[in-house]
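# Topology and contacts: notes
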Amino acid sequence: MTTTPVKQKKRGGLREEFRNPERRTAYYMILPALFIILVVAFYPIAYSLYLSFHQANINVVGNFVGFQNYVLMFQNTEFLEGLRNTLIFTVVSVFFEFVIGLAIALAINQAFRGRGLVRAAILVPWAFPTVISAVMWRLMFQDQVGIIQYAASTLGIISDPILSSQTLLLIGAILVDTWKTTPFMALLILAGLQTIPGEVYEAARVDGASVWQRFFRITLPLLKPAILVAVLFRTLDAYRIYDLFWAMSNRELESLSTFVYKGVRISQLNFAVGNAASVFIFITAFLIAIFFIKGLGMQTSTEE
Amino acid sequence: MMRKVSGSKRGASRQNSLAVVRRRLTRRSFLKLGGAGLAGAALLGVPGCSGGGGGNGNGEFTFAMGQDTTGALPGLVERFNQQYEGQYVCNYREMPTDTGQYFDQLRTEFQAGGGDIDVIGGDVIWPAQFAAFGFLVDLSDRFPESERGSFLPGPVDSNIYEGAIYGLPWYTDAGLLYYRQDLLEQSGFSEPPQTWEELKEQAQKVVQDSGTENGFVFQGADYEGGVVNALEYVYSHGGRVLDENDPNTVVVDSPEAAAGLQTERSMIEDGVSPQSVATYTETECEPIFLRGESVFLRAWPQTYSIAGNPQDSVIEQAQVGVAPLPAGPGGQSVSGLGGWNLFINAASDPEAQEAGYEFIRFLTSSEQQRAYAQEGSRLPTLQELYEEQEVLDAVPVIELAGEQTLQNAEPRPVSPFYSDMSLRMGEQFNASLNGELSPEEALQTLQEELEQIIEQGQNTVA
Amino acid sequence: MSAASASTGRGGTLNSALFYVFLVVFVLVSVFPLVWIFKMSIVTKAELFESPPTILPNTPTAASYGTIFADPSFQKALINSTIIAGVTTVICLFFGSIAAYAIARLRFRFKSIVMTLILAISFFPAVAIIAPLFIQFRRIGIIDTYLAAIVPDVVFALPLTIWILVAFFKELPFDLEEAAKIDGATTIQAFRMVIVPLAAPGVFTTAILTFIFAWNEFLFANTFLFDDNTQPVTVVIPNFATVYTVDYGAQAAAAVVVTVPLVIMVLIFQRRIVSGLTAGAVKG
């Protein structure tokens, strides 16, 4: 919807592609970034893939074993627990982050007194290093000194110690993550909002559209690219959650990434299985991205 | 940087049952394939090899150890460098304070060839795990049995794996019972509890009399410390984890072990400990006791020195008593063995290994152990030092608890797969303490899990 | 530019009251932990652990701040964090904006593949990359240098940078660029003279997000950096400990010291972001 969609040539051949000066420039411009990413990341990923099909421990790689590590992985109760926690965490936290983030963005897109202050305030949680905030929240959840545990049990919401229950820990992690990354959502959506020209609204108002009509017919569709980028990145981040779980629950709460960590850095036995799990994360995250791009019509380029 | 990464040398030192698999594509040779790729990253403008840690033929070596929060360790290293000036140079590399993180870091280091570190200060549960994979130098010749007798037996044994010794004991730790002497006396108890049952009775009475918030706090969280605590109950009730004669036989699912876990659980059930004790590590327990909010505390020896410090502590040192941990029904009191040993990295240069061993002898000498006790409150591993008044003055907690506590300290199960076992034990012990599972259920699950680990271990590597 | 100025119309005072209530609640929730941590940083250790917790500090003390600033490794860590995050941001923006511009504006065939490749790094768990990277970094000799943190930070931040910038760039009025080209400017010139100024707010937002991302990174720094000379605050702060107990007061103080500059930075620059965004909404 942005610029004139140009018909893609059917099959131009690589040579022709590079002969075109504009296209050649484009490739030159992309190459450095692509090079940095591929050089650093490609090898470790390929290496994990290789290990995941072999019998392996920390210092020796043995026989090719096909999918055995993947079978072991799906039989592993910790892995299944991590998978379950990760899915719940991702869906719930990204949902809340999106809804609240959108509301905030709409709110502070208006001119009002103290807007700068609000804008700065929302960035406070985001600016907090995750490890530090995990330690601090843990202290607030703690039963003897924690303000939240104290408030919650005084109000009669919960009686159990938060840190002793997996369920409460997971809820806590969702809370902390929502607190921490909603600003990120809000900021990205806000930036998207700012690019919507004012006269679009003027025209709609002249046509007699209500506030809600304007929101659903104009704002939301025009925001779609910004929203999808923000939600996709939050989803992929949440899906790989590691440090928050690790630090806040004192290594207790399992996620896919903590399972990988235990496999490749602690366990003497699950080294290959840990690598299988990281390949699993890679592939499923890829599917998630495909869903966003194909299923939700996220634009990866101006040309379809 | 590629200097000491020869796979064959590593292969030769891998002498034991873990002599691994048929096709010997070592990781390192595979990793080299990838090296070319990343060399591209060097385009970012890095000057090549920086020289690294290990020996460069001038007696230089690197010593890795977690950050010493007492600050005494850099002084020891400094003294070594002065004493051996012109001969050896020790570079101290600070590792993470958190033992778990330190372990993870070392593992990555070993995986990368490990040649940058020469001497390793490591936890007493590490030798089997590292030795089994050929990461540590066998010190059986340098540290013969005739010399071992002068050290405490527990710490020495912790270095032995499949008949060979891989490290020297540096300093030791053992679980102790701290109690509020003043409150106990007020309630008419002249002696600290001898058994777990007595502890509960005393705690209940004292809490009632004095209004103290908690009777007893200990480390019950799902982590390494929680494993040590639970094992103290299991051991003192006569339970074991692995068969003493055959480390491949799991015996944890026994009535004795269940009785032990039941006793631990009863601390919560009988209202002596808060439910949240199942989430406590040292970090949570200690301040509770030091604020005067608990009658009893299970802790390591260092806590005693903090008790005197007005910055950290509300109660006075005079109010604190220290005793061996209570005994089980059989009259047996068992402390979990902690502490640190010194190892040599199998991947470092022979010269650096030589220099490193000199350093190890230096640190474990009676002179330096005495100094470390005085400067850092670390408990020596040399028996003779416990007869010296100046050492006992430096670590008064031992005189209070009795040296016997150190003699009775029991190690955790020795296994190349301890990390995996510890994760399982931590989870099941915690589930039992929490009340999620009965002790019997938890032990039954644990038995199966540990058996699976051993079986899997034999398949993967034997 | 105030696009959805709903509250000024018929809604009247009730709406705007609700609006402010919403804002106040939101700001409070956002800021509360920082305020609480600030409180933790100025109380005594005994009060820190008091139960029930005190709301206002009984006897405020600066002892925790004294502890951290007496520690030379903390000051060094602040500098290290600034260097690592700063360099990461500059590199990311430089390569990211060039690539994003090409993707957003230029026509070429493998766009979707390129975008997916760039995104692919966001599919992979960072924890799994550590060991192989460690080995490679050792080989090229950058372990324990700033680069060991900067390189992976750049790699993990670049996809985000590029994707956000693409989204921004696509919304810019490129008719202007076409006009510039017709006037004889090259692609590069058109980019520099026309697009860069208009894109500034979006780029700035991206810069802040990238900077904070790198500033907060822990895993790589913790694995690849060994000593005070290179370690950033995220690694140093959790290590504020006494013999066996963690010094929460010092950690809290350090957290405040680390966060406040970012908040101030945002406060200063947000005006620029706003004004930039306003300028960005060019009519016609």
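If you're wondering where the values come from, they're calculated on a predicted model, not measured in any experiment.

Another aspect to go through is the overall build of chain A. Assigned secondary structure in chain A consists of 13 helices and two strands. Referenced to the eigenvectors of the C-alpha coordinate spread, the extents of chain A come out at roughly 65 × 65 × 30 Å. By residue count, 55% of the 304 residues in chain A fall in the buried class. Considering only residue pairs separated by 6 or more positions, chain A has 67% of its internal contacts joining residues 24 or more positions apart.

Right, let's talk about the interface of chain C and chain A for a bit. On the side of chain A, 90 residues touch chain C, which itself brings 94 residues to the contact. Elements represented by at least two residues in the side of chain C that touches chain A include exactly α1 (12–41), α4 (72–105), α5 (111–120), α6 (126–140), α7 (146–170), α9 (187–216) and α12 (248–280) of chain C. The dominant element in the side of chain C that touches chain A, judged by the number of residues it contributes, is α12 of chain C, at 13 residues.

With that out of the way, let us pick up the sheet that holds strand β11 (residues 320–323) of chain B. Strand pairing within a sheet occurs via backbone hydrogen bonds; the two strands may be parallel or antiparallel. Residue and element names in this part refer to chain B. Spatially, four strands are ordered β9-β10-β8-β11 in an open sheet, and the strand pairing comes out mixed. Strands with a single pairing partner mark the edges of an open sheet, and in this sheet they are β9 (214–217) and β11. Along the sheet, successive strands turn relative to each other by an average axial angle of 15°, direction set aside. When strand β8 (residues 176–180) meets strand β10 (residues 294–299), the two strands line up antiparallel, connected through four bridges. Bridge pairing links Y178 to L297 in β10.

Below, the discussion takes up the domain arrangement of chain C. Residue and element names in this part refer to chain C. The domain architecture assigned to chain C consists of domain 1 (10–61) and domain 2 (65–280). On a C-alpha basis, the centres of domain 1 and domain 2 stand 30 Å from each other. Facing the seven residues of domain 1 at the interface are eight residues of domain 2. Broken down by secondary-structure element, the contributors of at least two residues to the side of domain 1 that touches domain 2 are α1 and α2 (45–48). Looking at the side of domain 1 that touches domain 2 element by element, the count peaks at five residues for α1. When its residues are assigned to classes, the side of domain 1 that touches domain 2 shows five nonpolar, one polar and one charged.

Here we come to the packing of helix α4 (residues 77–108) of chain A against helix α8 (residues 166–194) of chain A. Packed helices, taken two at a time, are described by the angle between their axes plus the distance between the axes. Residue and element names in this part refer to chain A. Running from N to C, α4 and α8 point in directions that differ by 40°, and their axes come no closer than 6 Å. What the angle tells us is that α4 and α8 run oblique. Here α4 runs over α8; the crossing is right-handed. For the contact of α4 with α8, the residue count by class is 18 nonpolar, six polar and two charged.

All right, on to helix α14 (residues 350–364) of chain B then. Between its terminal C-alpha atoms α14 of chain B stretches 21 Å, which fits the 21 Å expected from 15 residues at 1.5 Å a residue. All buried positions along α14 of chain B are accounted for by A352, Q353, A355, G356, Y357, F359, I360, L363 and T364 of chain B.

Residue and element names in this part refer to chain B. Taking 1.5 Å of rise per residue, 15 residues should cover 21 Å, and helix α9 (residues 196–210) covers 21 Å from first to last C-alpha, within 8% of that figure. Taken together, the buried positions of α9 are occupied by W196, L199, K200, Q202, A203, V206 and V207. Buried-residue contacts for α9 involve α8 (181–186), β9, α11 (255–269) and β10. Just past α9, the residue G211 takes up positive phi, approximately 75°.

Bringing the sheet that holds strand β4 (residues 119–123) of chain B into the picture now. Residue and element names in this part refer to chain B. One open sheet holds the six strands; their spatial order is β3-β2-β4-β12-β7-β13, and the pairing between them is mixed. Every interior strand has two partners, whereas the edge strands, β3 (89–95) and β13 (379–380), have only one. Pairing of strand β7 (residues 167–174) with β13 involves two bridges; the strand directions are antiparallel. When the sheet's bridge partners are listed, T172 is paired in β13 with L379.

A few words on the pairing of β7 of chain B. Residue and element names in this part refer to chain B. Taking burial as the measure, the eight residues of β7 include eight buried ones, the bulk of the element. Here seven bridges tie β7 to strand β12 (residues 337–344), and the two strands are oriented antiparallel to one another. Across the sheet, the residue bridging to G167 is F343, located in β12.

Further remarks concern the UniProt feature "transmembrane region" (unreviewed entry) in chain C. Residues and elements named next belong to chain C. Here, UniProt's "transmembrane region" (unreviewed entry) annotation points to residues 17–38, 83–104, 116–135, 147–169, 190–215 and 248–269. Taken end to end, residues 17–38 is 100% helix and 0% strand, and its two terminal C-alpha atoms sit 30 Å from one another. Each end of residues 83–104 is marked by a C-alpha atom, and these two atoms are 30 Å apart; helix forms 100% of the span and strand 0%.

Let us now look at the packing of helix α5 (residues 115–127) of chain A against α8 of chain A. Residue and element names in this part refer to chain A. Look at α5 against α8: their axes get within 7 Å of each other, and the N-to-C directions meet at 125°. Taken together, α5 and α8 sit at an angle that is classed as oblique. The handedness of the crossing between α5 and α8 comes out as left-handed. On α8, the residues touching I122, L123, P125 and W126 of α5 are W179, K180, T181, P183, F184 and A186. Per-class residue counts for the contact of α5 with α8 are eight nonpolar, one polar and one charged.

The rules behind the values
- Residues numbered from 1 in each chain as written.
- Chains lettered and ligands numbered in written order.
- Predicted model: local features only at pLDDT ≥ 70, side-chain atom pairs only at ≥ 80, totals over all residues.
- Helix = DSSP H or I, 4+ residues; strand = E, 2+ residues; numbered from the N terminus.
- Buried ≥ 20, exposed ≤ 12 C-beta atoms within 10 Å, placed from the backbone.
- Contact = placed C-beta atoms within 7 Å.
- Pairing = 2+ DSSP bridges.
- Axes fitted to C-alpha atoms, helices over the stretch in contact; angles between N-to-C directions.
- Domains from an automatic or database assignment.
- Nonpolar A, V, L, I, M, F, W, Y, C, P; charged D, E, K, R; others polar.
- Parallel < 35°, antiparallel > 145°, perpendicular 65-115°, else oblique.
- Left-handed = near helix turned anticlockwise from the far one by under 90°.
- Expected span 1.5 Å × (residues − 1).
- UniProt positions renumbered as here; feature names shortened; annotations may be inferred.

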